[in-house]
Amino acid sequence: MAVFTEVSSEEARKLLRRLQLGELVALRGIEGGIENTNYFLTSEQGEFVLTLFERLTAEQLPFYLHLMKHLAHGGIPVPDPRADAHGDILHTVCGKPAAVVNKLRGKSQLAPQAAHCAAVGNMLARMHLAGRDFERRQPNLRGLPWWNDTVPLVLPHIDPEQAALLRAELAYQNHLAATAAYAALPRGPVHADLFRDNVMFDGEELTGFFDFYFAGVDTLLFDLAVCLNDWCIDLPTGQHDADRAAQMLQAYQAVRPLTAAERELLSGMLRAGALRFWISRLWDFYLPREASMLKPHDPTHFERVLRGRIARPVHVG
């Protein structure tokens with residue numbers, strides 16, 4: 001959510017008129033994140049978020065926007081894309097594909113307790129069930145093929161010990177993806193990036209999931225693993241927090257019990273989730289793009305998480 005493209009007040013006014021959202025009151029760039037340009041957009045009718053897509057194409061974007069609308073209509077608290085008079089939810093701003101969604105209530109919980117982890121587990125399972133009848137299909141664009149393509153690009157920038165770990169784990173994940181147990185994993189639309197800063201809370205009440213622009217069709221277990229790797233980890237050390245993880249898993253399974261294949265592969269998919277974000281953070285750190293307010297994340301965090309997942313496998317109780 002850095003600012004790659006500067007949006008003028010006049011551009012924002014034109015967009016608000018097209019969407020019949022009233023006159024512009026305020027426009028403010030949002031710091032953080034590394035993929036798209038984001039602004040808080042306040043009009044006479046309320047608060048919204050304007051996103052200009054810097055990497056995703058106009059052909060890819062309908063999947064994400066219609067998934068959000070599908071989930072919103074299914075009772076999941078997610079941003080609902082705003083349509084123009086023609087019913088279009090994909091717009092153009094400053095020559096870039098763009099969307100406007102309602103701003104969710106609450107704030108991110110960056111120091112989650114067990115109750116927050118349970119709420120995320122419950123809502124994630126509900127989201128997975130609500131997505132079962134979503135008809136559009138698009139793969140997780142940051143899945144295994146992307147890992148295989150990107151690892152050779154980052155290897156020259158890391159030390160030999162890190163390179164050995166990266167190669168070994170990539171080989172392990174390619175092997176895992178070829179197994180019968182992996183083929184048996186339930187699949188569907190997943191968020192794939194549901195970190196602490198992509199969820200809103202009001203106290204202990206979960207008020208929304210947002211930033212769906214890494215979503216795709218993948219294993220539901222991968223989505224759960226990504227959550228466990230962020231919400232149930234001690235950030236300074238990357239160590240697993242068993243109590244928080246137990247609360248998330250219990251709450252998830254109360255809504256959608258894990259299958260036998262999912263229970264068998266949880267440990268391997270926790271490793272997959274750590275690998276995915278280690279690779280992407282290495283890529284963003286060593287091969288960055290220019291952007292106002294761009295702050296790449298520290299890649300060594302997910303290296304620590306991956307090492308911990310390998311050394312201390314996690315199993316479903």
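What you are looking at is a predicted structure, and each value in this text was computed from that prediction instead of being measured.

Reading the values: the criteria
- Residues numbered from 1 in each chain as written.
- Predicted model: local features only at pLDDT ≥ 70, side-chain atom pairs only at ≥ 80, totals over all residues.
- Heavy atoms only, no water.
- Helix = DSSP H or I, 4+ residues; strand = E, 2+ residues; numbered from the N terminus.
- Buried < 20%, exposed > 50% of the residue type's maximum accessible area, 1.4 Å probe, protein only.
- Axes fitted to C-alpha atoms, helices over the stretch in contact; angles between N-to-C directions.
- Parallel < 35°, antiparallel > 145°, perpendicular 65-115°, else oblique.
- Left-handed = near helix turned anticlockwise from the far one by under 90°.
- Contact = heavy atoms within 4.5 Å.
- Nonpolar A, V, L, I, M, F, W, Y, C, P; charged D, E, K, R; others polar.
- Phe/Tyr/Trp six-rings, centres within 6.5 Å; stacked < 30°, edge-to-face > 60°.
- Lys NZ or Arg CZ within 6 Å of the ring centre and 35° of its normal.
- Salt bridge = Lys/Arg side-chain N within 4 Å of Asp/Glu carboxyl O.
- Patch = residues over 30% accessible without salt bridge, like charges linked within 9 Å, V, L, I, M, F, W, Y side chains within 5 Å.
- Areas by Shrake-Rupley, 256 points an atom, 1.4 Å probe, with all protein chains shown as cover.
- Pairing = 2+ DSSP bridges.
- Arc of directions from axis to C-beta.
- Polar contact = N/O pair within 3.5 Å; in protein donor to acceptor, adjacent residues only side chain to side chain.

Enquirer: I'm lost on unusual backbone geometry in this one. Help?
Expert: Only a minority of non-glycine residues have a phi that is not negative, and only a minority of peptide bonds are not trans. Even without being a glycine, Gln-20 presents a positive backbone phi close to 55 degrees. Following the sequence through the fold, Gln-20 ends up in the loop between α1 (9-18) and β1 (24-29). Its relative accessible area of 59% is what places Gln-20 among the exposed residues. In this structure, Asp-211 is a non-glycine residue whose phi angle is positive, near 60 degrees.

Enquirer: I tried to follow the packing of helix α9 (residues 260-286) against helix α10 (residues 300-311) on my own but got confused; where do I start?
Expert: When two helices pack together, their arrangement is given by the angle between the helix axes and by the axis-to-axis distance. Here α9 crosses α10 at 160 degrees, and the two axes come no closer than 8 Å. One element, α9, and the other, α10, form an angle in the roughly antiparallel class. Once α9 is placed against α10, the crossing between them reads as left-handed. On α10, the residues that touch Ser-267, Leu-270, Arg-271, Ala-274, Leu-275, Phe-277, Trp-278 and Arg-281 of α9 are His-301, Phe-302, Glu-303, Val-305, Leu-306, Arg-309 and Ile-310. Its residues placed into classes, the contact of α9 with α10 shows 9 nonpolar, 2 polar and 4 charged.

Enquirer: Explain the packing of aromatic side chains here, please?
Expert: Per the counting criterion, the structure on display carries 11 aromatic pairs. Both rings, one in Phe-63 and one in Phe-134, keep their centres 5.6 Å apart while their planes meet at 65 degrees; by these two values the pair is edge-to-face. Residue Phe-63 is found in helix α2 (residues 61-73), and its partner Phe-134 is found in the loop between α3 (114-130) and α4 (144-154); the two are separated by 71 residues along the sequence. The positively charged end of Lys-103 is found above the aromatic ring belonging to Phe-40, 5.3 Å away from the centroid. Here the basic side chain of Arg-276 rests over the ring of Phe-277, its NZ or CZ set 3.9 Å away from the ring centre.

Enquirer: Honestly, the pattern of salt bridges in this entry has me stumped. Any pointers?
Expert: Once their charged atoms are close, side chains differing in charge can pair, the charge on each being opposite to the other. On inspection of all chains with the given rule, the structure shows 12 salt bridges. Among the salt bridges present, the one from Asp-202 reaches Arg-105, with a minimum N-O distance of 2.8 Å. Residue Asp-202 is located in strand β7 (residues 199-202), and its partner Arg-105 is located in the loop between β5 (96-102) and α3; the two are separated by 97 residues in the primary sequence. A salt bridge links Glu-303 to Arg-307; its shortest N-O distance comes to 3.1 Å. Taken together, the residues Glu-303 and Arg-307, both in helix α10 and 4 residues apart, mark about one turn of the helix. Relative accessible area serves as the criterion here: at 31%, Arg-307 is assigned to the partly exposed category. In the salt-bridge network here, residues are joined through shared partners; they are Glu-10, Arg-13 and Arg-17.

Enquirer: Would you mind going over a nonpolar patch on the surface with me for this structure?
Expert: A contiguous nonpolar patch, built from Leu-153, Phe-285, Tyr-286 and Leu-287 and spanning about 340 Å² of accessible area, is present on the exposed surface. Here Phe-285 is to be found in helix α9. Given a relative accessible area of 40%, Phe-285 falls into the partly exposed group.

Enquirer: Would you take a moment to explain the sheet that holds strand β4 (residues 91-93) for this structure?
Expert: Whenever strands of a sheet pair, they do so through backbone hydrogen bonds, lying parallel or antiparallel. Taking strand neighbours across the sheet as the criterion, the 5 strands line up as β1-β2-β3-β5-β4 in an open arrangement whose pairing is antiparallel. Each edge of the sheet is formed by a strand with only one pairing partner; in this case those strands are β1 and β4. Neighbouring strand axes in the sheet, compared pairwise and without regard to direction, differ in orientation by 35 degrees on average. Relative to strand β2 (residues 37-43), β1 is paired through 5 bridges, and the arrangement is antiparallel. Residue pairing for β2: Arg-28 is matched across the bridge by Phe-40.

Enquirer: What is the right way to look at α1 in this model?
Expert: Turning to α1, its buried residues number three or more, namely Ala-12, Leu-15 and Leu-16. Projected down its long axis, α1 carries its buried residues within an arc of 100 degrees, all on one side. Considering only its buried residues, α1 is in contact with β1, β2, β3 (46-52), β4 and β5. Among the residues trailing α1, Gln-20 stands out with phi positive, at a value near 55 degrees.

Enquirer: Got a minute to help me understand the environment of Pro-296 in this structure?
Expert: Note that Pro-296 resides in the loop between α9 and α10. Note: C-alpha distance between Pro-296 and Asp-284 (12 residues apart in sequence) is 6.2 Å.

Enquirer: Quick question: what am I supposed to make of the side chain of Asn-140 here?
Expert: In this structure, Asn-140 sits in the loop between α3 and α4. Separated by 3.0 Å, the side chain of Asn-140 and the backbone nitrogen of Arg-142 make a polar contact. A polar contact of 2.9 Å, which involves the side chain of Asn-140, links it to the side chain of Asp-218. Those residues in contact with Asn-140 that lie beyond four places of it in its chain are Ala-192, Phe-214, Gly-216, Val-217, Asp-218 and Phe-222.

Enquirer: For this particular structure, what's the right way to read the side chain of Arg-196?
Expert: Along the chain, the position of Arg-196 falls in the loop between β6 (187-190) and β7. The class for Arg-196 is buried, based on a relative accessible area of 7%. From its side chain, Arg-196 meets the backbone oxygen of Asp-230 in a polar contact 2.7 Å long.

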